Amino acid sequence: MKILVTGGAGFIGSNFISYWLNKYPGDVIINLDSLTYAGNLDNLTEVEKNYGDGALPEQRRYWFVNGDIRNTLIVESLISKVDGVVHFAAESHVDRSITNPQEFLSTNILGTQTLLEAARKFKIKKFLHISTDEVYGSIETGYYSETAPLTPASPYAASKASADLLVRSYYETYKLPVIITRTTNNFGPYQHPEKFIPLFITNLMEGKKAPLYGYGLNRRDWIYVLDNCEALDLIFHEGRIGEVYNISTSSNEISNIEMSSRLARLLNQPPSLIEFVTDRPGHDFRYGVDSSKLRNELGWNHKYSLKEGLLKTIEWYKNNELWWRKIKEGDIYSSYYSGQYKK
Ligand SMILES: NC(=O)c1ccc[n+]([C@@H]2O[C@H](COP(=O)([O-])OP(=O)(O)OC[C@H]3O[C@@H](n4cnc5c(N)ncnc54)[C@H](O)[C@@H]3O)[C@@H](O)[C@H]2O)c1
């Protein structure tokens, strides 16, 4: 099978490509990514070596294309060559969506629509749209099922919710074989150090202050990225067309202050390095999604406990200092590493 992966130079996409090529020796992946600040070809060095440039021409199973999902010409030329699409590409950082919403609407909504239109034109066999639990908005207690209304709070979440609705409309109107997934917060190797867990790990490793929003009471349910990749794989192959699947562990829920203290402890750093900064506007208190549909229908279960996942992640950031230093030192948005809304 030939698959087009969009946003494969980002965090989840690069983990997914490596997972997939390793698991399915007969499959070929084309990775379309425009290499925004979040896209990083260093995430794919091993993939290139084993399946791309480094492989014998007749054994090559991976191609990278530097291009934008909003570019109809590129998108059509690639979609015409594949059987399925796994669509990760997005602007993904909530803080950046608050300071610059326009780019989020353009990529996340119009980019998705460009892909859907090409998928329709070339009669793609499966279109897996990667979405987020943030589209449901916050929930004090309990869990949202897939039929809950969408009440997004940030421009990021609103743009993802809009894309979800468009994807659904292409199923209803054109019978395009789509499936939508909504995952909780991922963590693991290759996550950009602007995001909570890698930001804390790398700042604490450097003995620097780590900025925590508000009083740190917000709660998140974390999933190790490889558990997410397995769920996506299962849903791609066995999920029902036209359906939405939530992906969550539920057992890995923890407040941000607890997570910060745990990371400081695991890195042997004093809790005094945790610095409370002004809260993010519209900061959702808690996300909770019910993944029993995925568990009962497809038999998925997560494998990594929060502790195992954190230990593996910390080990990876310790062993790959060059990878994150290059990003942190080269990024003009360095304010994101010390707390955007500093008190
Ligand atoms: N990280 C999470 O915790 C999480 C949780 C739930 C859902 N998601 C969703 O999963 C997907 C991947 O998330 P991530 O954390 O890997 O994101 P990321 O920011 O690490 O990667 C996004 C990738 O998309 C690429 N991209 C951005 N705009 C593009 C465009 N116009 N054309 C082509 N490529 C473009 C970037 O260069 C980057 O490589 C996103 O759709 C996100 O909404 C993420």
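Our structure is the block above this text.
Conventions we followed
- Residues numbered from 1 in each chain as written.
- Predicted model: local features only at pLDDT ≥ 70, side-chain atom pairs only at ≥ 80, totals over all residues.
- Heavy atoms only, no water.
- Pairing = 2+ DSSP bridges.
- Helix = DSSP H or I, 4+ residues; strand = E, 2+ residues; numbered from the N terminus.
- Axes fitted to C-alpha atoms, helices over the stretch in contact; angles between N-to-C directions.
- Polar contact = N/O pair within 3.5 Å; in protein donor to acceptor, adjacent residues only side chain to side chain.
- Contact = heavy atoms within 4.5 Å.
- Near = heavy atom within 4 Å.
- Areas by Shrake-Rupley, 256 points an atom, 1.4 Å probe, with all protein chains shown as cover.
- Phe/Tyr/Trp six-rings, centres within 6.5 Å; stacked < 30°, edge-to-face > 60°.
- Buried < 20%, exposed > 50% of the residue type's maximum accessible area, 1.4 Å probe, protein only.
- Lys NZ or Arg CZ within 6 Å of the ring centre and 35° of its normal.
- Right-handed = clockwise from strand over helix to strand, strands pointing away.
- Arc of directions from axis to C-beta.
- Salt bridge = Lys/Arg side-chain N within 4 Å of Asp/Glu carboxyl O.
- Left-handed = near helix turned anticlockwise from the far one by under 90°.
- Nonpolar A, V, L, I, M, F, W, Y, C, P; charged D, E, K, R; others polar.

(A) Representation of the sheet that holds strand β5 (residues 126-132). With parallel pairing, seven strands are arranged side by side in an open sheet as β3-β2-β1-β4-β5-β6-β10. Because the sheet does not close on itself, it has two edges, and the strands there are β3 (62-66) and β10 (244-247). Strand-to-strand twist across the sheet, computed as the mean angle between neighbouring axes with direction ignored, equals 20°. Pairing analysis gives five bridges linking strand β1 (residues 2-6) to strand β2 (residues 28-33), with the strands arranged parallel.

(B) Molecular detail of the side chain of Asp 68. Mapping Asp 68 onto the fold places it in the loop between β3 and α3 (72-79). One polar contact links the side chain of Asp 68 to the main-chain amide nitrogen of Arg 70, over a distance of 2.8 Å. Discounting chain neighbours no more than four positions away, the residues touching Asp 68 are Leu 32, Ser 34, Ile 74 and Val 75.

(C) Summary view of the site of the ligand. Taken together, 29 residues sit near the ligand, with Asp 33, Phe 88, Ser 92, Tyr 156 and Lys 160 positioned nearest. Gly 39 places a polar main-chain atom, nitrogen or oxygen, 3.5 Å from an oxygen atom of the ligand. Asp 68 places a polar side-chain atom, nitrogen or oxygen, 3.0 Å from a nitrogen atom of the ligand. For the ligand, whose accessible area on its own is 830 Å², the fraction buried by protein is 96%. Residue assignment for the shell around the ligand shows that the elements contributing at least two residues are α1 (11-23), β5, α6 (155-174) and β7 (185-187).

(D) Region of the structure containing the packing of aromatic side chains. This structure, assessed with the given rule, holds 17 aromatic pairs. A centroid spacing of 4.8 Å and a plane angle of 80° characterise the contact between Phe 196 and Phe 200, whose relative ring orientation is edge-to-face. With Phe 196 and Phe 200 both in helix α7 (residues 196-205), this residue pair falls four residues apart, about one helical turn. You can call Phe 196 buried: its relative accessible area is 18%. On the basis of relative accessibility, which here comes to 0%, the residue Phe 200 falls in the buried class. Looking at Arg 286, its charged tip hangs above the ring of Tyr 143, at a distance of 5.1 Å from the centre.

(E) Representation of the pairing of β2. With respect to burial, β2 is a largely interior element, six of its six residues being buried. Here β2 shows two buried faces, one formed by Val 28, Ile 30 and Leu 32 and the other by Ile 29, Asn 31 and Asp 33. With respect to chirality, the unit in which β1 leads through α1 into the neighbouring parallel β2 is right-handed. Relative to β3, β2 runs parallel, the two sharing five bridges. By the bridge assignment for β3, Asn 31 is matched with Phe 64. Regarding topology, helix α2 (residues 45-51) serves as the crossover connection from β2 to the parallel β3, and that connection is right-handed.

(F) Region of interest: α3. Listed as buried for α3 are Val 75, Glu 76, Leu 78 and Ile 79. The arc enclosing the buried residues of α3, seen along the axis, measures out at 165°, which places them on a common side. Summarising the contacts, the buried residues of α3 are in contact with β1, β2, β3, β4 (84-87) and α5 (101-121). Capping the start of α3, Asn 71 holds a side-chain oxygen 3.1 Å from the backbone nitrogen of Leu 73, two or three residues further along.

(G) Representation of the pattern of salt bridges in the model. Counted according to the given criterion, the structure contains 24 salt bridges. Measuring nitrogen to oxygen at the nearest pair gives 2.9 Å for the salt bridge that ties Arg 286 to Glu 253. You can see Arg 286 sitting in the loop between β12 (274-277) and α10 (292-298) and its partner Glu 253 sitting in strand β11 (residues 253-255), a full 33 residues away along the chain. Of the two residues examined, Arg 286 and Glu 253, each falls in the buried class. Residues joined in a network through salt bridges with shared partners are Glu 206, Lys 208, Glu 321, Arg 325, Lys 328 and Glu 329.

(H) View of the packing of α1 against helix α8 (residues 225-238). Contact pair α1 / α8: the axes reach a minimum separation of 10 Å and the direction vectors enclose 65°. Two packed elements cross with a definite hand, and for α1 against α8 that hand is right-handed. Taken together, the residues of α8 that come into contact with α1 (itself represented by Phe 11, Ile 12, Asn 15, Phe 16, Tyr 19, Trp 20 and Lys 23) are Val 225, Asn 228, Cys 229, Glu 230, Leu 232, Asp 233, Phe 236 and His 237. Grouping the amino acids of the contact of α1 with α8 by side-chain chemistry returns nine nonpolar, three polar and three charged.

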